[in-house]
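Each chain is listed here by its residues.
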Amino acid sequence: METMDIEFLSNWNLVGLPLEVEDADYSTLFPESIEGTLYSFNDGYNLETSLTQGAGYWLRFNEEGSTTLYGSPINELSIGLHEGWNLISGTTHSLNISNIQDQDELIVPGTIYGFTDTGYLNSDILEPGKGYWLRSYEDGEITLTGLALSRAKPHNFSLKGRANSLTINNTELYFGVEASDREKLSYSLPPKPPVGAFDIRFTGDTRIASEETEIEVMSTSQSLTIGYAVVIDAGERMSWVLKSKSGNEYTLAGTGEITVPTEEAFYLEKREIIPLSYTLHQNYPNPFNPITTLRYDLPEQAQVILTVYDLLGREVTQLVNTTQDAGYTSVQWDAADSFGKPVSAGVYLYQIRAGEFVQTRKMVLLK
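Residues numbered from 1 in each chain as written. Predicted model: local features only at pLDDT ≥ 70, side-chain atom pairs only at ≥ 80, totals over all residues. Heavy atoms only, no water.

*Asks:* Before we go on, may I ask you to explain unusual backbone geometry in this structure?
*Replies:* The general pattern is negative phi for most residues beyond glycine and trans for most peptide bonds. Following Asn286, the chain continues into Pro287 via a peptide bond in cis, with omega recorded as 0°. With respect to the helices, strands and loops of the structure, Pro287 is situated in the loop between β26 (279–280) and β27 (292–298). Here the residue pair Asn289 and Pro290 is connected by a cis peptide bond, since its omega of -5° sits within 30 degrees of zero. Even without being glycine, Asn11 reaches a positive phi, approximately 85°. Take Asn11: it is sitting in strand β2 (residues 11–16). The exposure class assigned to Asn11 is partly exposed, which follows from its relative accessible area of 22%. Positive phi is not limited to glycine here, since Asp205 has a value of about 55°. Along the chain, the position of Asp205 falls in the loop between β18 (199–202) and β19 (208–209). (Helix = DSSP H or I, 4+ residues; strand = E, 2+ residues; numbered from the N terminus. Buried < 20%, exposed > 50% of the residue type's maximum accessible area, 1.4 Å probe, protein only.)

*Asks:* Looking at this structure, how should I read the layout of surface pockets?
*Replies:* Picture a little ball the size of a water molecule; that probe, rolled over the atoms, points out where space is still empty. Taken as a whole, the second largest pocket encloses approximately 320 Å³ of empty space. In this structure, the second largest pocket is lined by 19 residues; those nearest its centre are Phe41, Asn42, His82, Trp85 and Asn86. Of all elements in the fold, only β4 (39–41), β6 (56–61), β8 (76–81) and β9 (84–89) reach the threshold of two or more residues within the lining of the second largest pocket. When residues of the lining of the second largest pocket are assigned to their parent elements, the largest contribution, 5 residues, is made by β9. For the lining of the second largest pocket, the residue count by class is 8 nonpolar, 9 polar and 2 charged. (1 Å grid on protein atoms, 1.4 Å probe; cavity = no way out; pocket = protein on both sides within 12 Å on 5 of 7 lines; lining within 4 Å. Points joined across faces, edges and corners; volume = space filled by probe spheres on them. Nonpolar A, V, L, I, M, F, W, Y, C, P; charged D, E, K, R; others polar.)

*Asks:* How should the pairing of β6 be read in this particular structure?
*Replies:* When a strand is regular, its side chains alternate between the sheet's two faces. Counting buried residues along β6, 5 of its 6 residues qualify, which places the element largely inside the surrounding structure. One ladder, built from 6 bridges, connects β2 with β6; its direction is antiparallel. Counterpart to Trp12 in the pairing with β6 is Arg60. (Pairing = 2+ DSSP bridges.)

Written out as structure tokens, the structure is:
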């Protein structure tokens, strides 16, 4: 008889059965779990009541914690795979993925994923009690055993420095590169997790894209922090632009980080760097509390003054007063005056002066 403590996170977890037990009912093994949330996968999610050795499952918890399991050790497992995505679990012992016996080379390299509260994460180790996604080229069988001889060190599929990248939580998305259909499989992502979990991916369930593509988002947070690194130029007089579903736009150049309101979709595209005309866009979000973004387009270099006024025409603060190059530009206002003091709720005007161009718009601050 062996005892094993299995830790779990608040919300959704990928779990497995690491011991031979007398009662494999999920409510017995994981009494802290939420009733009716055990799901297996077979061309779709299926509600279950008990766990089977070698299979992986989604299971949800109200808060993080741990459970203690009792049973006999599992030292070796043969797992049947279907072509495509499979949800599996390991043995009683931690297993390096290089020790998986895969005689027919079924496993698509780079497609073994665990899950954390920040989304899917490539895994080199199968930990006992956890579930993992694995993609197979075709139907077949693999064997998990602690006695297997270690093969070569798993290949590193990171394209950082060789492709443009977006990093959100632990997920890296690559764009601006071409890849064969077989190479793209190594950057494919498992089926989306259940509602309430975090996930981000390019349309087509992938982490790699050549040029224009859509980014699909699952998140319960109000904002996303996106790190970017552009190492492949978009072309002469072109730039990479990230556009939100609501129309907010962010030009990506060099390396940096942006925090944006969470939306269900973003669009990544190439765009001419130089706008055709001067434009002051509506702020977003609007109404807002306490931060909003003001965007404007400059078709040529100009002395730019961007000022916030109250409805009586009194200056509240000056956000920009400098010469700027042509392009798509944005600045945030944190609802503070020129002394850094928060202003009261109400309607405010923001005005841009760029050369002979003058335009004014309204925005609403809620508190």
